[in-house]
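Tertiary structure, described
Here are the chains, one letter per residue:
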Amino acid sequence: MFYKFLQTIRKELLLLRRDVGGLLILFLMPLALIITITLIQSATFESISGSRISLVLVDNDRGEIADSVIQNIRRSKAFDLVMELNGRPVTKKQAKDLVFSGTYQLAIVIPEHLSDDLNQKIDENVRSVLSGFGMETKAQENASPVKNKIVSIYFDPVSQVSFRNTIKAEIDKLITAIERDKVYSSFQKQLDIEEISFEKENFIRFNEILPQQDGQTTVLPNASQHNVPAWSLFGIFFIIIPLSINIVKEKNQGTFLRLRTNPTPYWLIILGKTFTYLLVTLTQFYLMVIVGKHLFPLIGLPSFETGANFFSLSVIALFAGLAAIGLGILIGTIAKTQEQSAPLGATLVVLLAAIGGVWVPVFVMPPFMQVISNISPMNWALDAFYDVILRNVPFKSIIGAILLLLLFALVTISAAVIYDKKKRSV
Amino acid sequence: MMNPIIEISNLSKQYLHSEHIAVNQLSFSIYEKEIVGIIGPNGAGKTTLISMMCGLIKPSTGSIRIYGSTYDNNEQRIRQNIGVVPQDFALYPTLTAEENLIYFGSMCGLKGKELKDKVEASLEKVGLLEFRNKKISTFSGGMKRRINLLAGLLHQPKILFLDEPTVGVDIHSKKKIIEFLKEIHQNGTNIIYTSHHLLEAEALCTRILIVDNGKILTQGSPQQLIQSISGAGNLEDVFITLTGNSLRDVL
């Protein structure tokens, strides 16, 4: 029996080796995916927090507030300031047209008299506070009331909501800091204590606590840590397509029929296929880990760190591969032609990836889709990968996910065997 | 009378959602040293009958005993004793002739040197030893047909089922295949085969079963069948007389 098992593996490996196109799809496609997606996502993260965005600024104020905004923007590493076009200051209309046409992604228009009006408004407020305490304040020079000012922001219509929100938060933070400084200055001026300096740094700060690995190294979530496991899983599940095609081909060629007449149990043939394709999925996974670890740093991407959890990752990849193979065998058994199995397999992989959180994290999905995501084996495997890589959990914490993947494989393979048996008895 | 190697009793097959009865209450036996030809027009029930005998589909009613065993009680024993040569080229096109035969031979329980020797000897016998390392996809129809045949009998089965073994091949390949079948029959292999080549069946078979509408119309040696119909000069005349001249297109 073992000899038959080995011969089945040998045959499957020979068939794979002779199918150069299929091999390219199996190994190069996932690699191309993780490199491309990680490059794109890494660049997207940096466009918000790291690399510089061209910002068109229209200064209609020409006062100290505008100067402060400009200085702060220049100090920040997020933006490249554009204030002139052909040697002349950018107008509000030009800024609007440039951004709405997509030439620039962002423009800010500082209104006229912003500095004067803000100073006056703050002085009024401070004076009224101090008067409430019965304190003497400096005389008001201009008593006319001031209206709220609007700083206009224009976004390229193509820019995404998350990008807009991040930019608005950044600008809001900047203006709040300027207003806060002005309030302090006004108090100093009104109380005539300009020689005393206030501590202007934020009293409350954020400190992000990250999980520890090996008791020392901090695991830093980055595009590589997210993408290598996610797209490795996508690649692993892509095995469904060549495997189901392989089974359909065997049925159509008649080799499957011949095998059914041989004194070899059906389960042994399935086991041989499973073992061979499991080797392929594990090779895919290790290849992607190697690329993430060694190639990514060479092309300017953060390195994929497995830390001390390589064994756990391998076990997850093994059982994810088993689940994918189970589904591939089921599709191959049910489909009558390659024209049925290939699109069905591809659609299922894409659907399982989408609901499994490979593209969009599950926690940002609508509640209904979060429930649906629980049926995707990619979700179980991806969660287990993240548990190990980013949450640094021990092996026993991923046993549940591994058992689910195993159960999925057993159910799908059993369904294929029952379907095949039933089909032959009708 | 010798003991039957295959006993078929009240065998019927009606496919699900079909009103047509493909095989209808057939009963017959096959004995040692026979070459039995099952012939009939398209849709007569030949393939269904041979598929049930090979254990590929289950009968609706009735039983099949092969060397006293049924597929329900001892499938593995039956499979050790039978070889099947399907009508399609049931081979892996991207594997070589030798790789195909090694694989199918191993699935029939052969291994090691015995397997290699048998592959080599059988390739030589059908004149394809020099092409052992060529991929099946590069073979002509006749060459594929010969490899297809070898893959079903490497393990020297006691009973060989053949479904149209010479369809679509040139006269040289056909001659080689028929000679080979006669040789393995002389060496003790019982052959059950279907064909549309009636003259070929007449020359090869020791007994012919003419089936139509799932029933056996007549059976006997080719000479007996020819003599049973007045004015018949060969098996084709017998066949036309019994099954009629109308076309039998089936879906």
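Residues numbered from 1 in each chain as written. Chains lettered and ligands numbered in written order. Predicted model: local features only at pLDDT ≥ 70, side-chain atom pairs only at ≥ 80, totals over all residues. Heavy atoms only, no water.

1. What to know about the confidence of the model for chain B
Put simply, chain B has an average pLDDT of 86, and 97% of its residues get 70 or more. Overall fold confidence (pTM) sits at 0.75, and the ipTM for the predicted complex is 0.82. (pLDDT = per-residue confidence, 0-100.)

2. Structural notes on a nonpolar patch on the surface
Residue and element names in this part refer to chain A. A cluster of nonpolar side chains, Val350, Trp359, Val360, Phe363 and Val364, forms an exposed patch at the surface whose accessible area comes to about 480 Å². On the secondary structure map, phenylalanine 363 appears in the loop between α12 (338-356) and α13 (367-372). According to the relative accessible area criterion, phenylalanine 363 is exposed, its value standing at 68%. (Patch = residues over 30% accessible without salt bridge, like charges linked within 9 Å, V, L, I, M, F, W, Y side chains within 5 Å. Areas by Shrake-Rupley, 256 points an atom, 1.4 Å probe, with all protein chains shown as cover. Salt bridge = Lys/Arg side-chain N within 4 Å of Asp/Glu carboxyl O. Helix = DSSP H or I, 4+ residues; strand = E, 2+ residues; numbered from the N terminus. Buried < 20%, exposed > 50% of the residue type's maximum accessible area, 1.4 Å probe, protein only.)

3. Details of the interface of chain A and chain B
Listed as interface residues are 25 residues of chain A and, on the opposing side, 39 residues of chain B. Taking both sides of the interface into account, the surface hidden between chain A and chain B amounts to around 2,900 Å²; carbon and sulfur atoms contribute 61%. A per-residue breakdown of the area chain A buries against chain B is headed by A:Arg18, A:Arg258 and A:Pro263, which together make up 25% of the total. Between chain A and chain B we count one salt bridge in total. For the salt bridge of B:Glu99 with A:Arg18, the shortest nitrogen-to-oxygen distance reads 2.8 Å. One can count eleven residue pairs in polar contact (both at pLDDT 80 or more) joining chain A with chain B. Listing elements by their share of the side of chain A that touches chain B, those giving two or more residues are α1 (2-18), α8 (240-253), α9 (255-261) and α15 (399-425) of chain A. In terms of residue count, α1(A) provides more of the side of chain A that touches chain B than any other element does, nine residues in total. For the side of chain A that touches chain B, the per-class residue count stands at eight nonpolar, nine polar and eight charged. (Contact = heavy atoms within 4.5 Å. Buried area = accessible area lost by both parts, 1.4 Å probe. Polar contact = N/O pair within 3.5 Å; in protein donor to acceptor, adjacent residues only side chain to side chain. Nonpolar A, V, L, I, M, F, W, Y, C, P; charged D, E, K, R; others polar.)

4. Some thoughts on the packing of helix α3 (residues 97-107) of chain B against helix α4 (residues 112-125) of chain B
All names here are of chain B. Remark: α3 packs on α4, axes separated minimally by 10 Å, with the N-to-C direction vectors making an angle of 130 degrees. Comparing their axes, α4 and α3 come out oblique. The element α3 and its partner α4 pack so that their crossing is right-handed. Contact residues: α3 offers Ala97, Glu98, Leu101, Ile102, Gly105 and Ser106, while α4 offers Leu115, Lys116, Val119 and Leu123. Among the residues making up the contact of α3 with α4, the classes are represented as six nonpolar, two polar and two charged. (Axes fitted to C-alpha atoms, helices over the stretch in contact; angles between N-to-C directions. Parallel < 35°, antiparallel > 145°, perpendicular 65-115°, else oblique. Left-handed = near helix turned anticlockwise from the far one by under 90°.)

5. Observations regarding the environment of A:Leu85
Residue and element names in this part refer to chain A. Structurally, the position occupied by leucine 85 is in strand β3 (residues 84-85). A relative accessible area of 25% means that leucine 85 is categorised as partly exposed. Counting along the chain gives 29 residues from leucine 85 to valine 56, while the straight-line C-alpha distance between them is 9.9 Å.

6. Quick word on the sheet that holds strand β8 (residues 207-212) of chain B
Residues and elements named next belong to chain B. Strand order in this open sheet of six strands is β5-β6-β7-β3-β8-β9, and the pairing throughout is mixed. The strands lining the two open edges of the sheet, one partner per strand, are β5 (82-85) and β9 (215-220). Looking at each pair of strands side by side, their axes are set apart by 15 degrees on average, direction ignored. Inspection of the sheet shows β8 paired to β9 by five bridges, in the antiparallel sense. Bridging from a neighbouring strand, aspartate 212 pairs with lysine 215 of β9. (Pairing = 2+ DSSP bridges.)

7. Section: the packing of aromatic side chains
Considering all chains together, one arrives at 15 aromatic pairs over all chains under this definition. When the ring of A:Trp231 is compared with that of A:Phe234, the centres are 5.1 Å apart and the planes differ by 70 degrees; the resulting orientation is edge-to-face. In this pair, A:Trp231 and A:Phe234 are both assigned in helix α7 (residues 223-237), three residues apart and thus about one turn of the helix distant. A network of ring pairs unites the aromatic residues A:Phe285, A:Tyr286, A:Phe310 and A:Phe385 as a single cluster. Its guanidinium or amino end placed over the ring of B:Tyr67, B:Lys158 lies 5.2 Å from that ring's centre, counting from NZ or CZ. (Phe/Tyr/Trp six-rings, centres within 6.5 Å; stacked < 30°, edge-to-face > 60°. Lys NZ or Arg CZ within 6 Å of the ring centre and 35° of its normal.)

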